[in-house]
Amino acid sequence: MKKDVIAMLLAGGVGSRLNVLVRKRAKPAIPFGAIYRIIDFTMSNIANSNIDVVGVLTQYKPLSLMEHIDGGQSWDLFGRTRLVEILPPKTGEEISDWYKGTSDAIFQNIGFVEDYSPELVLVVSGDHIYAMNYHEVIAFHRDRKADATICLIRVPHEDVHHFGIAETDDQGRITNWVEKPKIARSNLASMGIYVFNRNPLTKTLTEAAKKSGTDFAKDVIPRMLQKKRVYGFVYNGYWRDVGTIHSYWRTNMDMLREDSGLRVKDWGIKTNQSTKGEVGDRSSTYISGKARIKNSLIARGCMIEGEVTNSVLSPGVRVARGARVTDSIVFHDSSIDTHALIQYSIVDKQVVIGDSARIGIGDPAPNKTFPNHLSSGITVIGKLAKIAPGITIGKNCVINPDVRLTSTKHKEIPSGSTI
Amino acid sequence: MSNVLGMVLAGGRVDELLCLTEMRPKSALPIFGTYRIIDFVLSNLMHAGISNVGVLSQYRPYALVRHIGTGEHWDFVGRSRGIRMLPPYRGFKASDWYKGTADAVYQNLSYIEHFDSAHLLIASADHVYRMDYRPFIQFHIENNADASVCFVKTRKRSARFGYGVIDRRGRLLDYQEKPTTPPSDWVSMTLYLFKTNFITDILQANAEESSHEFGRDIIPKIISTSRIYGYKHRGYWAYARTVNSYYNTNMDMIRKKVELQSWQIRTNLLERCTRADRLPAYIDGGVTDSVISEGCIVAGKVRNSLLSPGVIVASGAEVYDSIIFHDTVVQKNSKLKKVICDKDSVIGSECVIGGFGDEVPSAEFGDLLDSGITLLGRNTMVPDKTVIGANTTVYSSTKITATCIAPGSTLR
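Because the structure is a prediction, the values reported are computed rather than measured.

Draft legend 1. Broad picture of the packing of helix 6 (residues 196-206) of chain B against helix 7 (residues 214-222) of chain B. Residues and elements named next belong to chain B. Packing of helix 6 against helix 7 leaves a shortest axis separation of 12 Å and a crossing angle of 115°. Judged by the sense of rotation from one axis to the other, the crossing of helix 6 with helix 7 is right-handed. Contact with helix 6, carried on its side by Phe 198, Ile 199, Ile 202, Leu 203 and Asn 206, involves Phe 214, Asp 217, Ile 218 and Ile 222 of helix 7 and no other residues of that element. A breakdown of the residues in the contact of helix 6 with helix 7 according to their chemical character gives 7 nonpolar, 1 polar and 1 charged.

Laid out in structure tokens, this is it:
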């Protein structure tokens, strides 16, 4: 089957700065905006750009991701000539190993790419919240007769050390490229979205592999810059790298602000709602006579009897009488018992917060174990954790998945603790 | 349960539901925000492990056909599993519209014979209940019954139902359809189990008669000649035969009498739910004692009401004691009280719908619409500042020109 363009979606990253949220799932599979997962944005962008063959490269904890992508039906990527294929690491006669990096993952699946003899290969990652019609960058790429085009976005100068940074000439041709520099002349950062002509890509991947090169930004792009035409396409829209707890929280909160630029509905973002635990098996949300809800997004199957303000609630969340949830994100089927208080927190799935427990209260001391990632005040509670009645947990805390906090052992957990 | 074939009676149009069943059979009527009435019987069949089901439909079946789809939502898809719509058809001899419930089954005897199942379970799609059919099937088999009829106890005896008298051993001694003085408290749920051979013979004999209803014509006739048993179901059972009963059944969800999630009632989410890619509900207003679905945006007040997906209640608007179907918009400062509003309608700003004139029954429909409910059909456009009294019916897509509509009116 011949295709003009196919997409290769890198979904194997650990995203370790997201801490307990990625303890049981890959970053692209993290719930977002109550009913979505982060990867839905890239999957929908691909589908909405009418690209209909997608290889999804998985490695780290892929189960929830595979279940979510299923047969691709949710994005209409299912049919005789339309498909999503999960490409996990595999053993073979010659190359057999874990994926050692982004470009190595594509290199190990070059056979999948060749099956479709595409003119162009679009490489994207499943880690970002944005909407993009990839045909704009493809048109740019063709217009400039480029061998490779990298999507770039302007970032604050103090953030350049997180990204690959490009300098371009007035035609958009990349003249200089530095990976994660301390300081840089340019602030045009790579979005991790690349368009390649297939032959130069295959050739460069093979060369890089011979020299143990495994990463697009470190090994493939510098190699291509020497001999090939590499361009930068500057994107101006909404784009968020939800790689830290704080940016993840803030981007979720963008769902509640009309002027945030995050327009999920207008963008036509689709998700899989029929897998186990998603909205498919649930009835509409019940709101009792004592409930108070302000500026919040509430998914199906919730039961709200308390107060919810500026928060995002996934399916099946229970907020009991007298409980208060403020400025927080609560994932599927978590239960907040009577008179409990939660503020500035991210609560993972199936967590139980006991009666009158208080989460996110106290001084703003940064987390002692992860001072760089957790200092903005947000407390994170891992999947299936159980917080006994009456316990107080401070700010910037991390409660690991499956932890059971009993009131005899931990009456008060100070800000910055990790349990 | 491969020895039991299921058949669902889903064809009936019920005039008593006025504009709500103008465009759809009653079984396809939306209920509890995101369900349709037929979801209850289909979920019961699924949970009983019955793997093949025929759906008898006649009146405007399109909504039903779309809703049932391939049957995957109730697990009726597989090598030996399936669900089939059985519409009326033309043939050499028997070719006509279905003339009654028994006739509908009779005209599909070839479908029944195809499965060669020992028993035939026939259930109405019009009731709201969760029942494990397996003990009922067990009861039928253990008694070696030719037919078993399922009954539920009523609180108030009404002439609308069929009543049974059952002895200690479960034998059905008497059955009366719509009697003036009911002989017992046990009401037929329109849920029957027959030996397939037995009912085939009976239906062939009935085909020669002039009336073809299970309740009126078949059950009373076979009581004295065959082994007929009555099974008593205990649990929630509700119906939507009239506007009042439809309204009250919906309100049972707010009263927490129906537990859809623990009952595991399944529905087809594609239509107007997942396919519409709705966001979760966004709430920034006073919502109390209500059921809210995805895609709703509520800035005004909602109390004691059920909102289906995609309903918008603008700021200053008040929706009280109401049931609002998919994608209806209530604009600024409008007040709705005891309104059932069908899909895709727009209530302009500063309207008052219902809440006055409750004592004036519908001039045209009398006691079918006399409890203060106002019905707005699908795609109703109510201009700004319109006032509509209680017990009014507006049929779908009616153009409203008057600014004040008296209680008890009918608009078409």
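Draft legend 2. Molecular detail of the environment of Gly 6 of chain B. Residue and element names in this part refer to chain B. Among the structural elements, Gly 6 can be located in strand 1 (residues 4-9). For the pair Gly 6 and Ala 123, spaced 117 residues apart in the sequence, the C-alpha separation amounts to 7.7 Å. Setting aside anything within four residues of it in sequence, one finds Gly 6 in contact with Ile 50, Asn 52, Val 53, Gly 54 and Leu 121.

Draft legend 3. Region of the structure containing the sheet that holds strand 18 (residues 307-309) of chain A. All names here are of chain A. If you walk across this open sheet you meet the 7 strands as 15-18-21-24-27-30-33, and the pairing is parallel. This sheet does not close on itself; its edge strands, each paired only once, are strand 15 (292-294) and strand 33 (412-413). Sheet topology places strand 21 (residues 324-326) next to strand 24 (residues 341-343); 3 bridges connect them, and they run parallel. Counterpart to Val 325 in the pairing with strand 24 is Ile 342.

Draft legend 4. Structural detail: the environment of Tyr 89 of chain B. As for its position among the elements, Tyr 89 of chain B is in the loop between strand 5 (82-86) and helix 3 (101-106). Classification of Tyr 89 of chain B as partly exposed rests on a relative accessible area of 35%.

Draft legend 5. Geometry of the packing of aromatic side chains. One pass over the full model with this rule turns up 26 aromatic pairs over all chains. Through a chain of ring-to-ring contacts, three or more aromatic side chains come together here, namely Phe 32, Tyr 36, Phe 41 and Tyr 248 of chain A. Positioned above the aromatic ring of Tyr 395 of chain B, the side-chain terminus of Arg 412 of chain B is 4.7 Å from the ring centre.

Draft legend 6. Here's a closer look at the domain arrangement of chain A. Residues and elements named next belong to chain A. Domain boundaries assigned for chain A yield domain 1 (5-254) and domain 2 (285-419). Between the C-alpha centres of domain 1 and domain 2 the distance comes to 33 Å. In total, domain 1 and domain 2 occlude about 2,000 Å² of area from one another, counting both sides; carbon and sulfur atoms represent 70% of this. If you sort the residues of domain 1 by the area they bury against domain 2, Val 20, Ala 34 and Trp 249 come out on top, with a joint share of 28%. Applying the counting rule to domain 1 against domain 2 returns 2 salt bridges.

Draft legend 7. Layout of the layout of surface pockets. All names here are of chain A. Size it by volume and the largest pocket reaches roughly 1,500 Å³. In terms of lining residues, the largest pocket is bounded by 49 residues, among which Arg 17, Asp 127, His 128, His 162 and Asp 241 are the most central. If you list the elements that add at least two residues to the lining of the largest pocket, you get helix 3 (102-107), strand 8 (148-154), strand 10 (174-179), strand 11 (188-197), helix 7 (216-227), strand 13 (239-241) and helix 8 (245-253). The leading source of residues in the lining of the largest pocket is strand 11, at 4 residues. Broken down by class, the residue content of the lining of the largest pocket amounts to 17 nonpolar, 19 polar and 13 charged.

Draft legend 8. Structural context of the domain arrangement of chain B. Residue and element names in this part refer to chain B. Per the domain assignment, the segments of chain B are domain 1 (4-254) and domain 2 (275-412). The gap between the C-alpha centroids of domain 1 and domain 2 is 32 Å. Contacts between domain 1 and domain 2 engage 22 residues on the former and 34 residues on the latter. Each partner contributes to the roughly 2,200 Å² buried at the junction of domain 1 and domain 2, and carbon and sulfur atoms together form 69% of this total. For the domain 1 face of the interface with domain 2, the top three residues by lost area are Leu 18, Tyr 247 and Ile 254, together amounting to 27%. There are 5 residue pairs in polar contact (both at pLDDT 80 or more) connecting domain 1 and domain 2. Counting residues per element, the side of domain 1 that touches domain 2 draws most heavily on helix 8 (residues 243-254), at 8 residues. Looking at the side of domain 1 that touches domain 2 residue by residue, the classes come out as 14 nonpolar, 4 polar and 4 charged.

About the criteria used
- Residues numbered from 1 in each chain as written.
- Chains lettered and ligands numbered in written order.
- Predicted model: local features only at pLDDT ≥ 70, side-chain atom pairs only at ≥ 80, totals over all residues.
- Heavy atoms only, no water.
- Axes fitted to C-alpha atoms, helices over the stretch in contact; angles between N-to-C directions.
- Helix = DSSP H or I, 4+ residues; strand = E, 2+ residues; numbered from the N terminus.
- Left-handed = near helix turned anticlockwise from the far one by under 90°.
- Contact = heavy atoms within 4.5 Å.
- Nonpolar A, V, L, I, M, F, W, Y, C, P; charged D, E, K, R; others polar.
- Pairing = 2+ DSSP bridges.
- Buried < 20%, exposed > 50% of the residue type's maximum accessible area, 1.4 Å probe, protein only.
- Phe/Tyr/Trp six-rings, centres within 6.5 Å; stacked < 30°, edge-to-face > 60°.
- Lys NZ or Arg CZ within 6 Å of the ring centre and 35° of its normal.
- Domains from an automatic or database assignment.
- Buried area = accessible area lost by both parts, 1.4 Å probe.
- Salt bridge = Lys/Arg side-chain N within 4 Å of Asp/Glu carboxyl O.
- 1 Å grid on protein atoms, 1.4 Å probe; cavity = no way out; pocket = protein on both sides within 12 Å on 5 of 7 lines; lining within 4 Å.
- Points joined across faces, edges and corners; volume = space filled by probe spheres on them.
- Polar contact = N/O pair within 3.5 Å; in protein donor to acceptor, adjacent residues only side chain to side chain.

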